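Chains, contacts and geometry: an overview
Listed here are the chains, written in short residue letters.
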Amino acid sequence: MDVIEVDRLERRYAKDFAAVRGISFTVAAGEVFALLGTNGAGKTSTVEVLEGLARPSGGRVRVLGHDPYAERAKVRPRTGVMLQEGGFPAELTVGETARMWAGCTSGARPVTEALGMVGLAGRREDVRVKQLSGGERRRLDLALALVGRPEVLFLDEPTTGLDPEGRRDTWDLVRELRDGGTTVLLTTHYLEEAEYLADRLAIMRTGRIVAAGTPEEVTATRPSRIRFTLPEDVPASRLPLSVPAAADGRRIEVRAERMQETLTELLLWAREQDVELAGLDARSPSLEDVFLEIAGDTAGPEDPDVPDASGSGHTDGPTGGTRDRKEVAA
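What comes next concerns the included structure. Note that this is a predicted model, so its numbers are computed, not measured. (Residues numbered from 1 in each chain as written. Predicted model: local features only at pLDDT ≥ 70, side-chain atom pairs only at ≥ 80, totals over all residues. Heavy atoms only, no water.)

Assigned secondary structure in the protein chain consists of 10 helices and 13 strands. Going through the 330 residues of the protein chain one by one, you find that 47% of them count as buried. For the protein chain, the computed accessible surface area is about 15,600 Å², with 47% contributed by carbon and sulfur atoms. (Helix = DSSP H or I, 4+ residues; strand = E, 2+ residues; numbered from the N terminus. Buried < 20%, exposed > 50% of the residue type's maximum accessible area, 1.4 Å probe, protein only. Areas by Shrake-Rupley, 256 points an atom, 1.4 Å probe, with all protein chains shown as cover.)

As structure tokens, then:
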């Protein structure tokens, strides 16, 4: 069952700026879906429509079977939203902030439980929001997004400011929520985070989806990389002709569609020729490799061939800026 449906979504600002250009994707129940892209790619403009904060300029969007903008009252109580910044009153304690938020939420889970899920139970009564570290504020943001026991959870850069241990704890919590049936839509600039958490993902550029699928499917579209250094008396021209290679002096880089076959051929050649491949490094493409290649692509937004992802501090608007929690409280 698809909990989020996006069909040819468009979002325009004024007449001449299209932040989102006809994208389509779905998110199934109990799935973590990551929406990736550089600043200005259209991620936040897309998520704001899904959260019911903006009306689409074109196309169709459904969350839990409803239009999140026109039927906001039916959707909002069943969703949780973690923004880039919470915008909470600085003088309130952690506990006061959580109780205030829970008081505005139907069927709220106990405040102690919500804060305990993110490791803030011990900071409840004696610490004001202004005294929290950046990482602790992010954990408070997450706790309040979970207060309403959401069926759909929107996470906007959830681990920014967290130390490695806190980031891993948050990842574990997201996985627990997913295993419990919560659907999660995630935006993040940490590609390792997306690779670790996402069941599927889509990468946006200039308002369009340019790569989509499971992390494995997306990375499989790029070649593996083999690097090594040849001895001074061995020219690159002696390498096996079937191995495409780029040379920078004695340093060689090979891009291989079938890494095992290419590496085997290379190693057999090196043994037969009694050649040492110094600093040999062979690795499959990572999500970061794919992302950087897409981000560095200078092709314009009118490229016609874009995949459909169905079933398989942001500055997206003309003024940019981070969203505040007050936008989604209603």
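Before going further, it helps to examine the pairing of strand S3 (residues 32–37). Among the six residues of S3, six are classified as buried, and the element is accordingly described as predominantly covered. Both faces of S3 are covered, namely the face carrying Val-32, Ala-34 and Leu-36 and the face carrying Phe-33, Leu-35 and Gly-37. Direction of pairing for S3 relative to strand S7 (residues 183–187): parallel, over a ladder of four bridges. Note that in S7 the partner of Phe-33 across the bridge is Leu-185. (Pairing = 2+ DSSP bridges.)

Pairing between strand S8 (residues 200–205) and strand S9 (residues 208–213): five bridges, direction antiparallel. Within S9, the position partnered with Arg-205 by the bridge is Arg-208. Between the end of S8 and the start of S9, which pair antiparallel, lie two residues, with Thr-206 showing a positive phi angle near 45 degrees.

In this section: the environment of Arg-227. As for its placement among the helices and strands, Arg-227 is situated in strand S10 (residues 224–229). A residue is classified by how much of its surface remains accessible, and Arg-227, at 29% relative accessible area, is partly exposed. The spatial distance from the C-alpha of Arg-227 to the C-alpha of Asp-281 is 5.1 Å, given a sequence separation of 54 residues. Of the polar contacts made by the side chain of Arg-227, one reaches the side chain of Glu-253; its length is 2.7 Å. (Polar contact = N/O pair within 3.5 Å; in protein donor to acceptor, adjacent residues only side chain to side chain.)

Our focus in this paragraph is the nonpolar core. In this structure, Leu-36, Leu-115, Leu-140, Leu-155, Leu-201 and Ile-203 are the most contacted members of the largest nonpolar core, which totals 44 residues. Formed by 29 residues, the second largest nonpolar core is a distinct cluster that contains Val-20, Phe-33, Ala-41 and Leu-64. (Core = buried A, V, L, I, M, F, W, Y, C linked by side-chain atoms within 4.5 Å.)

What follows is about the sheet that holds S8. With respect to topology, six strands assemble into an open sheet ordered S5-S6-S7-S3-S8-S9, the strand pairing being mixed. At either margin of the open sheet sits one strand with a lone partner, and together these are strand S5 (79–82) and S9. For this sheet, the mean inter-axis angle between neighbouring strands, taken without regard to orientation, is 15 degrees. When S5 meets strand S6 (residues 152–156), the two strands line up parallel, connected through four bridges. Bridge pairing in S6 links Val-81 to Phe-154. Packing against the sheet, helix H10 (residues 287–295) makes contact with S3, S8 and S9, and its axis sits at approximately 20 degrees to S8. (Axes fitted to C-alpha atoms, helices over the stretch in contact; angles between N-to-C directions. Contact = heavy atoms within 4.5 Å.)

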